[in-house]
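# Understanding the architecture of this molecule
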Amino acid sequence: MHIAVPFFTVIFLVLIAYAGIEAAHLHVLFGIVIPYAAFTVFVLGFILRVRNWGRSPVPFRIPTTCGQQKSLPWIKASTVENPSSTFGVIVRMALEILFFRSLFRNLKTEMHEDRVVYGSAKWLWLAGLAFHWSFLIIVIRHFRFFLGDIPFVLEMVEGLDAFLQIGAPLLYTTDIIILGAVTYLFLRRVAIPQLKYISLAADYFPLFLIFGIALSGVLMRYFFKVHVVGVKTLTMGWLSLSPVIPENVGVIFYIHLFLISVLLAYFPFSKLMHVGGVFLSPTRNLINNNRMKRHVNPWDYPVHVHTYEEYEEEFRDKMKSVGLPVEKE
Amino acid sequence: MYDGNKIIIGLVVFGLLIISPILYNTLGKASVPPEPDINTPEINKMVEKKCVEPKSFMRANHMQILNDWRDEVVRVGKTRTYVNGEGKEFNMSLQNTCMKCHSNKKNFCDKCHTYMAVKPYCWDCHIAPKEKTT
């Protein structure tokens, strides 16, 4: 059920877009209204989610560290694994976000002849890295549809991605890598029993959806080619807020676009928000300076304190009269 | 302690990234959808202005045809004749068939290719036609 429902949902979404264009000719709906609506939901939803996270108090530093803390000058401290400065945190976060450093430490626990052994498990890290980097490069490549005068950097990215010079239009290596990586990430969930047990529909749906987006893009580029200049007039039209539906752009483009719209609209409500969440992980992004600095707990309210000095001031006469010792005469 | 300020900075960066294409386009040159020019002597001579295949097909698939022709002529080497949907025969040659009519690379090929940032490597081997820059 956890696999079948999201799978058929994606199939159903493809059919909706296909029927909407081929049978109902709803080009304006699928080409303009839905993309705008999805984009609005994405941006507003993203900002609201992050704002809600930002309201959480940070009473104490809770980084999970794996290196020597800064202490005495003659003990060598690990500046990145146990950061004591903003610079250390920036390096640590950069390694985490760009190279998934904590996932690199992923271990596999197994029983070997009545003994527990921990083995290195890097495949998830590798596939995750391949998937995310391909996705990023693909998103960057798509900026050629949104920029009028295309900058040199973009051309360079495209050139590198297509450097194998296979076929025409040139084959992009990231297209192959992303399809392979998503397939691996899916098979991994199905093949490992423990993982399958904890996987929910919300884990499979993004995988199927992203696979659908990548596949429709691949089909559009290499097999059912569309009128690309027409596509760019539509995308540039979105930016100028006066979009016009181009003529004769194949249905595969609208399927691709509809799946992306669904992904954008689904984004703020799903696990995909980890793109914002990774920046806000308190176990990674805090400086380990609990002993160096005072961290005031924001939910502490002012407590009325009655000190001994005040007490003695108030009852000094009475205390003296019964012979109790006082500090001040 | 709250870290709200840092998060607001992060959200501002997110917002800037989102609107960066709009900013870039406002600052840069205005983009005009390209209109490839077919006003060449060879094409003007034609009674019926027709390419190898219909226009809508050529628009989306011309790179496929060029690639197939290249493979057929340079790598397979069995035939140099292309038969189109109507049964008409053409010599598989970029310079002697395509460029004979479309002799205006700058105003035909380059128009869309520049617009879409496509850099075909035709001219790595073929000699690009010399044209007056107009």
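Preceding block: the structure.
Residues numbered from 1 in each chain as written. Chains lettered and ligands numbered in written order. Predicted model: local features only at pLDDT ≥ 70, side-chain atom pairs only at ≥ 80, totals over all residues. Heavy atoms only, no water.

Turning our attention to the overall build of chain B. In terms of helices and strands, chain B carries 5 helices and 2 strands. In terms of overall size, chain B is more extended than a compact globule, its C-alpha atoms giving a radius of gyration of 22 Å where 134 residues would be expected to give roughly 14 Å. Dimensions of chain B along its principal axes, counting C-alpha atoms only, are 80 × 35 × 30 Å. Here chain B holds 134 residues, and the buried ones make up 28% of them. Entry remark: accessible area of chain B is about 9,400 Å², with carbon and sulfur atoms responsible for 61%. (Helix = DSSP H or I, 4+ residues; strand = E, 2+ residues; numbered from the N terminus. Rg over C-alpha atoms; globule rule 2.2 N^0.38 Å. Buried < 20%, exposed > 50% of the residue type's maximum accessible area, 1.4 Å probe, protein only. Areas by Shrake-Rupley, 256 points an atom, 1.4 Å probe, with all protein chains shown as cover.)

It is worth spelling out helix α11 (residues 251-266) of chain A at this point. Residue and element names in this part refer to chain A. Between its terminal C-alpha atoms α11 stretches 23 Å, which fits the 22 Å expected from 16 residues at 1.5 Å a residue. Among the 16 residues in α11, 12 count as buried, and that is most of the element. Listing the buried residues of α11 in full gives Val251, Ile252, Phe253, Tyr254, Ile255, His256, Leu257, Phe258, Leu259, Ser261, Val262 and Leu263. If you follow the buried residues of α11, they end up packed against α1 (4-22), α2 (27-54), α5 (123-141), α9 (201-223) and α10 (228-239). (Expected span 1.5 Å × (residues − 1). Contact = heavy atoms within 4.5 Å.)

Each side of the interface is counted separately: chain B has 31 residues, and chain A has 46 residues. At the boundary of chain B with chain A, total buried surface from both sides reaches about 3,300 Å², with 66% on carbon and sulfur atoms. One salt bridge connects Lys119(B) with Glu155(A), and the closest N-O pair in it is separated by 2.8 Å. At the boundary of chain B with chain A, the tally comes to 8 residue pairs in polar contact (both at pLDDT 80 or more). Broken down by secondary-structure element, the contributors of at least two residues to the side of chain B that touches chain A are α1 (4-27), α3 (55-76) and α5 (109-115) of chain B. Considering every element that reaches the side of chain B that touches chain A, the biggest residue donor is α1(B), with 10 residues. Residue composition of the side of chain B that touches chain A, by class: 19 nonpolar, 8 polar and 4 charged. (Buried area = accessible area lost by both parts, 1.4 Å probe. Salt bridge = Lys/Arg side-chain N within 4 Å of Asp/Glu carboxyl O. Polar contact = N/O pair within 3.5 Å; in protein donor to acceptor, adjacent residues only side chain to side chain. Nonpolar A, V, L, I, M, F, W, Y, C, P; charged D, E, K, R; others polar.)

Let us look at helix α7 (residues 173-191) of chain A. For α7(A), which comprises 19 residues, the first-to-last C-alpha distance of 26 Å matches the rise-based estimate of 27 Å (1.5 Å per residue) to within 8%. Buried residues belonging to α7(A) abut α5, α6 (152-161), α8 (193-198) and α9 of chain A.

Before going further, it helps to examine the nonpolar core. Formed by 61 residues in total, the largest nonpolar core has its most connected members in Leu13(A), Phe46(A), Phe131(A), Ile178(A), Leu209(A), Val226(A) and Phe253(A). Leaving out residues up to four positions away in the same chain, Phe253(A) has contacts with Met220(A), Val226(A), Val231(A) and Leu234(A). By size, the runner-up hydrophobic cluster in this structure holds 10 residues, among which are Ile65(B), Met92(B), Leu94(B) and Met99(B). (Core = buried A, V, L, I, M, F, W, Y, C linked by side-chain atoms within 4.5 Å.)

On to the packing of aromatic side chains, then. Residue and element names in this part refer to chain A. The full count for this structure, using the stated rule, is 19 aromatic pairs over all chains. Relative to Phe267, the ring of Phe42 lies with its centre 5.3 Å away and its plane at 90 degrees, an arrangement referred to as edge-to-face. Residue Phe42 is found in helix α2, and its partner Phe267 is found in the loop between α11 and α12 (274-277); the two are separated by 225 residues along the sequence. Classification of Phe42 by relative accessible area gives buried; the value is 10%. The ring of Phe104 has Lys122 sitting right over it, with the charged end atom 4.2 Å from the ring centre. Over the ring of Tyr172 we find Arg141, and its NZ or CZ is 3.6 Å from the ring centre. (Phe/Tyr/Trp six-rings, centres within 6.5 Å; stacked < 30°, edge-to-face > 60°. Lys NZ or Arg CZ within 6 Å of the ring centre and 35° of its normal.)

Turning to the pairing of strand β2 (residues 115-120) of chain A, a few remarks are in order. Residue and element names in this part refer to chain A. Counting buried positions along β2 gives 0 out of 6 residues, so the element sits mostly on the surface. Here strand β1 (residues 107-112) pairs with β2 via 6 bridges, running antiparallel. When the sheet's bridge partners are listed, Leu107 is paired in β2 with Ser120. (Pairing = 2+ DSSP bridges.)

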